[in-house]
Amino acid sequence: MASVQFGQHAPAARVILHLSDTHLLAGDRLLGDRYDTARHLRRTLEAAEATGVRPDAVVFTGDLTDLGEPEAYRVLRAEVEPWAERLGAPVVWVAGNHDERPALREGLLDGEPTQEPVTGVWDLGGLRLIALDSTVPGWHHGDLDAAQLDWLRAELSTPAPLGTILALHHPPLPSHIPFFDILELRDQQGLAAAIAGSDVRAILAGHLHYSTSGTFAGVPVSVASASCYTMDLARPADEVNGMDAGRSFHLVHVWDDTITHAVVPVVDDEASGFFTPEWTARMAQLTPEERLETFSRKRSS
């Protein structure tokens, strides 16, 4: 029934699964002696597959491992690649500040273990996806040097049929949590200048361990929460800390004229059973007017 058009918009042209901040550790160790990042990753992958979505790409926006350990990258690859193959989707690995470029390149990309930025371009049936590397070796804040920005300009010099989505770890957004500003993306003006007048339609990011959104240089930015642990925002800003709850991922739907970013919680609570495939099939058999009468009209109590 996903192909049936019930309202003004036809089904999305492209779909992306956006996950972030897995923070895997070698030896299946707990992160901070508290967070079972491997188990949380498996549960997140299960939840994403259960949506029934067969995405055009799966994007992991950084902090793939917590310490950049080669074994952690091997475990991550062993978990994700068979899962992505079932979904029929390429995996886009984005480097985060907890990653180490040499180990990431060797463990996930079968490349040379160098300190070169981990970047790439994917053509998703006319939708261009560009991965940037905002990591700074030896540091946790983010930046994009002149060479990477020149490369980005060159890639954007020719528009893509469905436009471009950028993916990077450090979001070009402010955070209301004061100490997060120390680890923000620097030279945001340089990035803004590089994408000015281009076909960039959206920016995907991670790093914050909570879902948020905003605009940067007129472009919507969507930050996915973490699969490992999230920030408890139900506190005063200067008291925010991590919690073993609230994990989620994003479903990114791309239409010709808009892009949506749905936050999908990873929970084990059982949903109600009102909207079933059978209910949707019945609605699909009705005319638009009959659907409005059946589902939109308010009934007197």
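For the structure, check the block above.
Residues numbered from 1 in each chain as written. Predicted model: local features only at pLDDT ≥ 70, side-chain atom pairs only at ≥ 80, totals over all residues. Heavy atoms only, no water.

Q: What's the story with helix H3 (residues 101-109) in this structure? I'm lost.
A: Because each turn of an α-helix spans 3.6 residues, side chains separated by three or four positions end up pointing in the same direction. Across the nine residues of H3, seven count as buried, placing the element largely inside the fold. Turning to H3, its buried residues are Arg101, Pro102, Ala103, Leu104, Arg105, Gly107 and Leu108. Against the buried residues of H3 lie helix H2 (70-87) and strand S3 (91-94). Two residues or fewer past H3, Asp110 is found with a positive phi of approximately 55 degrees. (Buried < 20%, exposed > 50% of the residue type's maximum accessible area, 1.4 Å probe, protein only. Helix = DSSP H or I, 4+ residues; strand = E, 2+ residues; numbered from the N terminus. Contact = heavy atoms within 4.5 Å.)

Q: Hey, could you run me through the sheet that holds strand S12 (residues 248-254) in this one?
A: Through backbone hydrogen bonds, the strands of a sheet pair up, either in parallel or in antiparallel fashion. Reading across the sheet, the five strands line up as S3-S2-S1-S12-S13 and stay open at both edges, with mixed pairing between neighbours. Among the strands making up the open sheet, the edge pair consists of S3 and strand S13 (259-265). The sheet shows a mean angle of 20 degrees between the axes of neighbouring strands, direction not considered. Bridge count between strand S1 (residues 14-19) and S12: five bridges; the pairing is antiparallel. Each bridged residue has a counterpart across the sheet, and for His18 the counterpart in S12 is His250. (Pairing = 2+ DSSP bridges. Axes fitted to C-alpha atoms, helices over the stretch in contact; angles between N-to-C directions.)

Q: Would you explain the environment of Trp151 in this entry?
A: Structurally, the position occupied by Trp151 is in helix H4 (residues 146-156). Considering only alpha carbons, one finds Trp151 and Val200, 49 residues apart in sequence, at a separation of 15 Å. Apart from the residues lying within four places of it in its own chain, the contact partners of Trp151 are Thr119, Gly120, Val121, Ile130, Ala131 and Leu132.

Q: Quick question: what am I supposed to make of the side chain of Thr135 here?
A: Mapping Thr135 onto the fold places it in the loop between strand S5 (127-131) and H4. Under the relative-accessibility criterion, Thr135 is labelled buried at 8%. Within the local environment of Thr135, its side chain forms a polar contact with the side chain of Asp133, the two groups lying 2.6 Å apart. (Polar contact = N/O pair within 3.5 Å; in protein donor to acceptor, adjacent residues only side chain to side chain.)

Q: What exactly am I supposed to notice about the sheet that holds strand S7 (residues 200-205) here?
A: Pairing is mixed across the open sheet formed by six strands, whose spatial order is S4-S5-S6-S7-S9-S8. The two strands at the open ends of the sheet, each matched to only one other strand, are strand S4 (120-124) and strand S8 (212-216). Averaged over neighbouring strand pairs, the angle between their axes works out to 20 degrees when direction is ignored. Two strands pair when backbone bridges link them, and strand S6 (residues 164-167) and S7 are joined in this way by four bridges, in the parallel orientation. From the neighbouring strand, Ala167 faces S7, where its bridge partner is Leu204. Here H4 sits on the sheet in contact with S4, S5, S6 and S7, set at roughly 175 degrees to S5. Helix-sheet contacts for helix H5 (residues 188-195) involve S6, S7, S8 and strand S9 (219-223), and the interaxial angle to S8 is about 65 degrees.

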